[in-house]
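# Overview (structure and organization)
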Amino acid sequence: MLGTDFRTGSPNWLDLGSPDTDGAARFYSALFGWNFVSAGPEAGGYGFFQLDGKTVAALGPLTEEGAASAWMVHFMSPDIQATAKAVKDGGGKVRMEPMDVMGEGWLAQFTDPQGAEFASWQPGKTAGLQRASDDNTLVWAELHVPDPGAAIAFYAGVFGWRHAEMEAPGMTYRVLSVADGDQQDASFGGVAPHMGEGEESRWTPYFNVPDVDATVTTATANGGSVVMPASDVPEVGRIAWVADPSGAVFALLKPDPRV
């Protein structure tokens with residue numbers, strides 16, 4: 001599971017682009033108990049979701065023309081220029097060239113060859129998220145694409161990720177790990193094939209919650225919608241997919257305590 005001891009390729013930042021940042025702040029406060037803290041007038045409306053004073057995600061207005069509301073997973077890069085080159089060499093696109101973010105770190109945004117958007121963060125004064133895998137924080141990152149094998153090859157070329165295959169109902173699931181350390185302990189996410197025609201290629205964040213069904217009820221009561229109803233996945237836990245009022249998709253997970 002995720003931690004805050006970031007290594008190359010670790011998910012180290014997560015933010016939401018929304019057309020209604022005030023509404024998003026209210027929704028996620030009701031859902032997870034998060035508090036939104038502005039990064040200041042020079043940040044253009046960007047700010048931080050905090051839980052008990054620790055940053056667990058971030059929120060800002062949409063900045064790309066035609067962009068839809070979505071969560072963006074960022075992966076740690078020790079050299080963001082080299083990461084951008086590896087993305088291009090692997091057939092991906094650089095949507096936003098590496099830029100210095102007020103001394104806090106370097107940011108770049110990419111699209112992989114199958115259309116899934118992601119970003120990289122090279123730490124400066126800000127290393128990344130301050131809490132992960134606790135209740136109501138990021139616990140897993142999952143990629144859905146038409147060709148998981150091709151995706152694994154691309155990201156291995158960019159971040160050096162390893163993977164292990166496990167059989168899941170109706171598919172083979174690939175568990176991703178960073179390049180260093182024990183492979184199981186270094187796991188942080190997975191890759192799954194598209195399950196239906198027209199499904200979008202994307203990275204989806206999973207948040208650890210103590211009660212998936214209760215959280216789904218809270219989401220719908222506050223204007224969210226159910227994308228995938230709550231269900232039990234053997235040897236994983238209870239999972240649901242939901243969308244916030246602006247359509248940004250994310251997932252909920254109560255991990256199986258036996259795993």
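Residues numbered from 1 in each chain as written. Predicted model: local features only at pLDDT ≥ 70, side-chain atom pairs only at ≥ 80, totals over all residues. Heavy atoms only, no water.

## Section: the environment of valine 87
The condition that has to hold: Secondary structure elements are taken from DSSP: a helix is a run of H or I of four residues or more, a strand is a run of E of two residues or more, and numbering for both begins at the N terminus. The buried label applies to any residue whose accessible area, calculated with a 1.4 Å probe on protein chains only, is under 20% of its type's maximum; exposed applies above 50%, and partly exposed to all values in between. By definition in these notes, contact holds between two residues if any of their heavy atoms fall within 4.5 Å.
Mapped onto the secondary structure, valine 87 falls in helix α2 (residues 80-89). Exposure remark for valine 87: the relative accessible area of 0% places this residue in the buried category. Taking the C-alpha atoms as reference, valine 87 lies 22 Å from alanine 127; in sequence the two are 40 residues apart. Dropping the residues within four chain positions of it, valine 87 is found in contact with Gly92, Lys93, Phe110, Phe118, Phe154 and Val158.

## Brief notes about helix α1 (residues 21-32)
To be explicit about the condition: For a helix, the expected span equals 1.5 Å multiplied by the number of residues minus one.
Between the first and last C-alpha of α1 there are 16 Å, a value that for 12 residues agrees with the 16 Å anticipated at 1.5 Å per step. Within the span of α1, buried status applies to Gly23, Ala24, Ala25, Phe27, Tyr28, Leu31 and Phe32. Downstream of α1 by one or two residues, glycine 33 has phi in the positive range, about 80°.

## Details of the sheet that holds strand β4 (residues 54-61)
Note the threshold: DSSP bridges decide pairing: two strands pair if at least two such bridges lie between them. In this analysis, axes come from line fits to C-alpha atoms, helices being fitted only over the stretch in contact, and the angle between any two N-to-C directions falls in the range 0 to 180 degrees.
Pairing is mixed across the open sheet formed by 8 strands, whose spatial order is β2-β3-β4-β1-β5-β8-β7-β6. Here the strands that pair on one side only, and so sit at the sheet edges, are β2 (35-38) and β6 (93-100). Adjacent strand axes in the sheet meet at a mean angle of 25° when their direction is disregarded. Inspection of the sheet shows β6 paired to strand β7 (residues 105-111) by 5 bridges, in the antiparallel sense.

## Concerning the packing of α1 against helix α4 (residues 212-221)
Here is the rule: To sort the angles, those under 35 degrees are grouped as roughly parallel, those over 145 as roughly antiparallel, those from 65 to 115 as roughly perpendicular, and the leftovers as oblique. Left-handed describes a crossing whose near helix is turned anticlockwise from the far helix through less than a right angle; right-handed describes the clockwise counterpart. Polar here means any residue outside two lists: the nonpolar Ala, Val, Leu, Ile, Met, Phe, Trp, Tyr, Cys and Pro, and the charged Asp, Glu, Lys and Arg; Gly therefore counts as polar.
Viewed as axis vectors pointing N to C, α1 and α4 meet at an angle of 155°, and their least axial separation amounts to 9 Å. As judged from the angle between their axes, α1 and α4 are roughly antiparallel. When you trace α1 past α4, the crossing you get is right-handed. Contact residues: α1 offers Phe27, Ala30, Leu31 and Phe32, while α4 offers Thr215, Thr218 and Ala219. Residues belonging to the contact of α1 with α4 are distributed by class as follows: 5 nonpolar, 2 polar and no charged.

## Digging into the pairing of strand β12 (residues 187-193)
Counted residue by residue, β12 has 7 buried out of 7 residues, so it is predominantly covered. Here 5 bridges tie strand β9 (residues 138-145) to β12, and the two strands are oriented parallel to one another. Looking at the pairing, glutamate 142 lines up with glycine 190 of β12. Note that strand β11 (residues 171-177) and β12 share 4 bridges and pair antiparallel. By the bridge assignment, serine 177 is partnered in β12 with serine 187.

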